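Single-letter residue listing:
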Amino acid sequence: MPLRLAPSFREQLADSDRPFVGMWVCSGSPLLAEVAAGSGLDWLLIDMEHSANTLESVLQQLQAVAAYPIAPLVRVPSNDAVAIKQILDLGAQNLIVPMVSSADEARAAVAATRYPPQGVRGVGSALARSARWNRVDSYLQESARHTSLTVQIETAAGVEAAADIAAVDGVDAVFVGPSDLSASMGLLGQQTHPEVTAAVEEVFAAVKAAGKAVGVNAFDPSAADAYLAAGADFVAVGADVALLARASEALAARFIRADGISRASY
């Protein structure tokens, strides 16, 4: 019997009448991914760039969250065609590619997600979970419909090129990373500096002018509120490891010592 895949992140955003709110899953734990999947949030970001996630752990997390009404996205470690092919073949439908600072880099990311002649993705659907081992009818012909590509702007050069990046056919959304962006602007660790927030909103305007969805990472609730008010279509407002770190510190402060130290989550 033919199988149906879940709607892509692109389709879910387009069908929503409000911005999507989500969180990161960086622990590599399928159990924590499943806990987060049942939270009522709209989307999860399984990270392979700054965490210990492997192909096997990403597969386990995708399987763990599949039963829940939440959109899982996987951030690949880099804009690499081999890595993108492998992660798509695991069954990840929605990818985030980090550090995209030019239209050419965006086009390379698109090509890595598409089969020839539109791209360079290797064909292995009969062996892969992506097509449910050829149980999804016409997967090879319709794979672009089943997948979404979000590229991440997180450098000053990316801000300057935002309009060109968003205009690339096959880029469905742009996700702004204020942490690396602040570093690129000489403001390391100052994600909410006025110059950084102004740059983020500059990207918002360019991406929206291109008719694409735009999101941002904002663990500071005030920053998240401000970006939502500025038109963000999706925001990431926390991470499993950061939530655990801050909550465990609060327990220590409450029951052992009150050292008054407050640490940022991102």
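Throughout what follows, the structure given in this document is the object of discussion.

1. Some words on the overall build of the chain
Assigned secondary structure in the chain consists of 12 helices and eight strands. Relative to the compact-globule value of 18 Å for 266 residues, the chain shows a C-alpha radius of gyration of 18 Å, a close match. With the principal axes as the frame, the chain shows a C-alpha extent of 60 × 40 × 35 Å. Taking all 266 residues of the chain together, the buried fraction comes to 49%. Long-range contacts, defined as pairs at least 24 residues apart, comprise 61% of the intrachain contacts of the chain with a sequence gap of at least 6.

2. Overview of the packing of aromatic side chains
Overall, the coordinates contain eight aromatic pairs when judged by the stated rule. With 5.7 Å between their ring centres and 15° between their planes, Phe-175 and Phe-234 make a pair best called stacked. Taken together, the residues Phe-175 in strand β6 (residues 173-176) and Phe-234 in strand β8 (residues 234-239) connect sequence positions 59 residues apart. One aromatic cluster is present, formed by Phe-9, Phe-20, Trp-43, Phe-175 and Phe-234 through successive ring pairs. If you follow Arg-254 out to its NZ or CZ, it ends over the ring of Phe-255, 4.6 Å from the centre.

3. A word on helix α5 (residues 103-113)
Three or more residues of α5 are buried, namely Ala-103, Ala-106, Ala-109, Val-110, Ala-111, Ala-112 and Thr-113. Lining the buried residues of α5 we find α4 (81-89), β4 (94-97), β5 (148-153) and α8 (162-166).

4. Describing the environment of Ile-165
On the secondary structure map, Ile-165 appears in helix α8. Between the alpha carbons of Ile-165 and Leu-95 there is a distance of 16 Å; along the sequence they are 70 residues apart. Not counting residues up to four positions away in its chain, the partners in contact with Ile-165 are Val-100, Ser-101, Ser-102, Ala-103, Ala-106, Val-151, Ile-153, Gly-158 and Val-171.

5. Some thoughts on the side chain of Lys-212
Looking at the secondary structure, you find Lys-212 in the loop between α10 (194-209) and β7 (213-217). Summary of buried charges: Lys-212 has no salt-bridge partner, and the nearest side chain of opposite charge, Asp-169, is 6.1 Å away. Polar side-chain contacts of Lys-212 include one of 2.6 Å to the backbone oxygen of Ala-166. What Lys-212 contacts, discounting residues up to four positions off in sequence, is Ala-166, Ala-167, Val-168, Val-171, Asp-172, Val-207 and Asp-233.

6. What to know about the pattern of salt bridges
Scanning the entire structure with this criterion turns up nine salt bridges. Note that Asp-104 is salt-bridged to Arg-107, the shortest N-O span being 2.6 Å. Of this pair, Asp-104 and Arg-107 both sit in helix α5, three residues apart, roughly one helical turn. Look at Asp-104 and you get exposed, because its relative accessible area is 54%. Arg-246 is paired through a salt bridge with Glu-249; the nearest N and O atoms lie 2.7 Å apart. Linking Arg-246 with Glu-249, this pair stays in helix α12 (residues 240-255), spanning three residues, or about one helical turn. The exposure class assigned to Glu-249 is partly exposed, which follows from its relative accessible area of 28%. Among the charged side chains, a salt-bridge network with shared partners connects Asp-47, Glu-49 and Arg-75.

What counts and how
Residues numbered from 1 in each chain as written. Predicted model: local features only at pLDDT ≥ 70, side-chain atom pairs only at ≥ 80, totals over all residues. Heavy atoms only, no water. Helix = DSSP H or I, 4+ residues; strand = E, 2+ residues; numbered from the N terminus. Rg over C-alpha atoms; globule rule 2.2 N^0.38 Å. Buried < 20%, exposed > 50% of the residue type's maximum accessible area, 1.4 Å probe, protein only. Contact = heavy atoms within 4.5 Å. Phe/Tyr/Trp six-rings, centres within 6.5 Å; stacked < 30°, edge-to-face > 60°. Lys NZ or Arg CZ within 6 Å of the ring centre and 35° of its normal. Lys, Arg positive; Asp, Glu negative; His and termini not counted. Salt bridge = Lys/Arg side-chain N within 4 Å of Asp/Glu carboxyl O. Polar contact = N/O pair within 3.5 Å; in protein donor to acceptor, adjacent residues only side chain to side chain.

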